[in-house]
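Residues per chain are reported as follows:
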Amino acid sequence: MEDVTDVAFRLLCKSYGADLMYTEFVSSDALVRNIEKSKRKLIVLDEERPVGIQIYGKHPDAMADAARIAEESNPEIIDLNFGCPVKKIAKKGAGAGLLLDIPKMIEITEAVVKAVKTPVTAKTRLGWDDNSKIIVDVAERLQDAGVAALTIHGRTRAQMYQGEADWTLIGEVKNNSRMYIPIIGNGDISSPEKAKKYLDRYGVDALMIGRPSIGRPWIFREIKHYLESGELLPIPTLEEHVNMIRNQLVQTVDWIGDERRGILHMRRHMAVSFKGLPNFRPLKIKMLRSESVEDLHKIFDTIIETYGDI
Ligand SMILES: Cc1cc2nc3c(=O)[nH]c(=O)nc-3n(C[C@H](O)[C@H](O)[C@H](O)COP(=O)(O)O)c2cc1C
């Protein structure tokens, strides 16, 4: 996820049991032009493997070149983004925009598969809108073009992130007797119970979890434990939670190399942390307005002092 799944967050998710993680999407055009900010997104640490590097773009040649550049980081997977709904990307014919031009999507896939030795996977949506839910056919074509696995987010481009993800067609793809590659289901897996229900009901080979992991990276541990034992783990203690945020903050600032930008980056995570603490609002506002790591550590101390006995 853009601006979310950087190295610091990936390491955190890994520590809570995520089996496979992906980088933020990286622009193929920017990689080809050697833009430093994009090249940094290709850095993969050994401790976080296996990792997929995700690239996006609309030009088959640039995507093939970008895949070659990404391959220098030795990712376990190179993933093609055919699902980003954001206007400046989709309306320009990249991301989910490729759901309006399947021949181009296939051309890109074939070009990338040919360009690299690393397994190539793809991620897309059900279709462009309600009138074009073409994923069953698209999945077959992507498989024929050589993708090693396919992730499907159960929404159309027109839905952006609204409404409930519809997994019916994800199940249809999985149960299509022509399909043999692993199918990864994605969209709104927000609890261990839902993870089990959807795995059982739709038969997918794996679940991908995005937004529910923000502020709750232990969801991977919760789900795994539930799948193995049928029991729900208690939520982390406040102490574990605070320690986690402290570490994430330090690693993020360290990774970004700038205190202010690191804190800005952390706000998305902090904004959804410590849910359910009574009368937390004033401290939350302080936390989200804080501009120094030192102040944030003091706020975390106060959280422990105030709520430690709950
Ligand atoms: C802030 C944000 C950034 C995202 N960036 C990406 C991205 O770079 N690549 C991608 O494939 N999907 C991206 N997504 C979509 C998620 O990966 C996922 O498909 C979607 O949020 C639905 O799954 P979820 O309900 O588990 O979040 C992003 C979503 C959000 C909210």
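Residues numbered from 1 in each chain as written. Predicted model: local features only at pLDDT ≥ 70, side-chain atom pairs only at ≥ 80, totals over all residues. Heavy atoms only, no water.

Undergrad: Before we move on, can you summarise the nonpolar core with the specific residues and values?
TA: One finds Ile-55, Leu-142, Ile-183, Phe-274, Met-287, Phe-300 and Ile-303 to be the most contacted residues of the largest nonpolar core, which totals 84 residues. Per-domain counts for this core show at least three residues from each of domain 1 (7-229) and domain 2 (238-307). In contact with Ile-183, not counting residues within four places along its chain, are Leu-150, Ile-152, Ile-170, Val-173, Lys-174, Val-204, Asp-205 and Ala-206. (Core = buried A, V, L, I, M, F, W, Y, C linked by side-chain atoms within 4.5 Å. Buried < 20%, exposed > 50% of the residue type's maximum accessible area, 1.4 Å probe, protein only. Domains from an automatic or database assignment. Contact = heavy atoms within 4.5 Å.)

Undergrad: Residue-level account of the site of the ligand, with values.
TA: Residues in contact with the ligand amount to 16 residues; listed here are only the nearest, Gln-54, Lys-123, Asn-186, Asp-188 and Arg-211. A distance of 2.8 Å separates a nitrogen atom of the ligand from a polar atom in the backbone of Glu-2. Separating a nitrogen atom of the ligand from a side-chain N or O atom of Asn-81 is a distance of 3.3 Å. Computed on the free molecule, the ligand has an accessible area of 610 Å², of which 87% lies beneath the protein chains in the complex. Of the residues contributing to the shell around the ligand, the split by class is 5 nonpolar, 6 polar and 5 charged. (Near = heavy atom within 4 Å. Polar contact = N/O pair within 3.5 Å; in protein donor to acceptor, adjacent residues only side chain to side chain. Areas by Shrake-Rupley, 256 points an atom, 1.4 Å probe, with all protein chains shown as cover. Nonpolar A, V, L, I, M, F, W, Y, C, P; charged D, E, K, R; others polar.)

Undergrad: How would you summarise the pairing of strand E7 (residues 183-186) if you had to cite specific residues and measurements?
TA: Here E7 shows two buried faces, one formed by Ile-183 and Gly-185 and the other by Ile-184 and Asn-186. Where strand E6 (residues 150-153) lies against E7, 4 bridges are found, and the strand directions are parallel. Bridge pairing in E7 links Ile-152 to Gly-185. The parallel pair E6 and E7 is bridged by helix H8 (residues 168-175), and the resulting crossover is right-handed. Inspection of the sheet shows E7 paired to strand E8 (residues 206-208) by 3 bridges, in the parallel sense. (Helix = DSSP H or I, 4+ residues; strand = E, 2+ residues; numbered from the N terminus. Pairing = 2+ DSSP bridges. Right-handed = clockwise from strand over helix to strand, strands pointing away.)

Undergrad: Outline the side chain of Glu-24, supporting the account with residue identities and numerical values.
TA: Along the chain, the position of Glu-24 falls in the loop between strand E1 (21-22) and strand E2 (26-27). Not counting residues up to four positions away in its chain, the partners in contact with Glu-24 are Met-1, Glu-2, Asp-3, Val-4, Thr-5, Asp-6, Lys-41 and Gln-54.

Undergrad: Got a sec to walk through a positive patch on the surface? Specific residues and values, please.
TA: Taken together, the side chains of Lys-37, Arg-40, Arg-260 and Arg-261 define a basic patch exposed on the protein surface. When residues of the positive patch are traced back to their parent elements, those giving at least two are helix H3 (36-40) and helix H12 (259-271). Structurally, Arg-40 is set in helix H3. What makes Arg-40 partly exposed here is its relative accessible area of 36%. (Patch = residues over 30% accessible without salt bridge, like charges linked within 9 Å, V, L, I, M, F, W, Y side chains within 5 Å. Salt bridge = Lys/Arg side-chain N within 4 Å of Asp/Glu carboxyl O. Lys, Arg positive; Asp, Glu negative; His and termini not counted. Charge placed at Lys NZ, Arg CZ, Asp CG, Glu CD.)

Undergrad: Provide a residue-level description of the packing of aromatic side chains, including the pertinent values.
TA: In this structure the tally under the stated criterion is 7 aromatic pairs. Pairing Phe-280 with Tyr-307 gives two aromatic rings, centres 6.2 Å apart and planes at 70 degrees, and the pair type is edge-to-face. Taken as a pair, Phe-280 in the loop between H12 and helix H13 (281-289) and Tyr-307 in helix H14 (residues 293-307) lie far apart in primary sequence, 27 residues in all. On the accessibility criterion, Phe-280 (6% relative accessible area) is buried. In this structure, Arg-40 is placed above the aromatic ring of Trp-255, and the distance from its NZ or CZ to the ring centre is 4.5 Å. When the ring centre of Tyr-161 is taken as origin, the NZ or CZ atom of Arg-125, which lies over that ring, is 5.2 Å away. (Phe/Tyr/Trp six-rings, centres within 6.5 Å; stacked < 30°, edge-to-face > 60°. Lys NZ or Arg CZ within 6 Å of the ring centre and 35° of its normal.)

Undergrad: A description of the pattern of salt bridges should follow, citing residues and the corresponding values.
TA: The tally for this structure, following the rule as stated, stands at 18 salt bridges. Taking the shortest distance from any N to any O, the salt bridge between Lys-41 and Glu-24 comes out at 4.0 Å. Remark: Glu-24 occurs in the loop between E1 and E2 and Lys-41 occurs in the loop between H3 and strand E3 (51-56); sequence separation between them is 17 residues. Here the salt bridges share partners, and the residues they tie into one network are Asp-46, Arg-49 and Glu-76.

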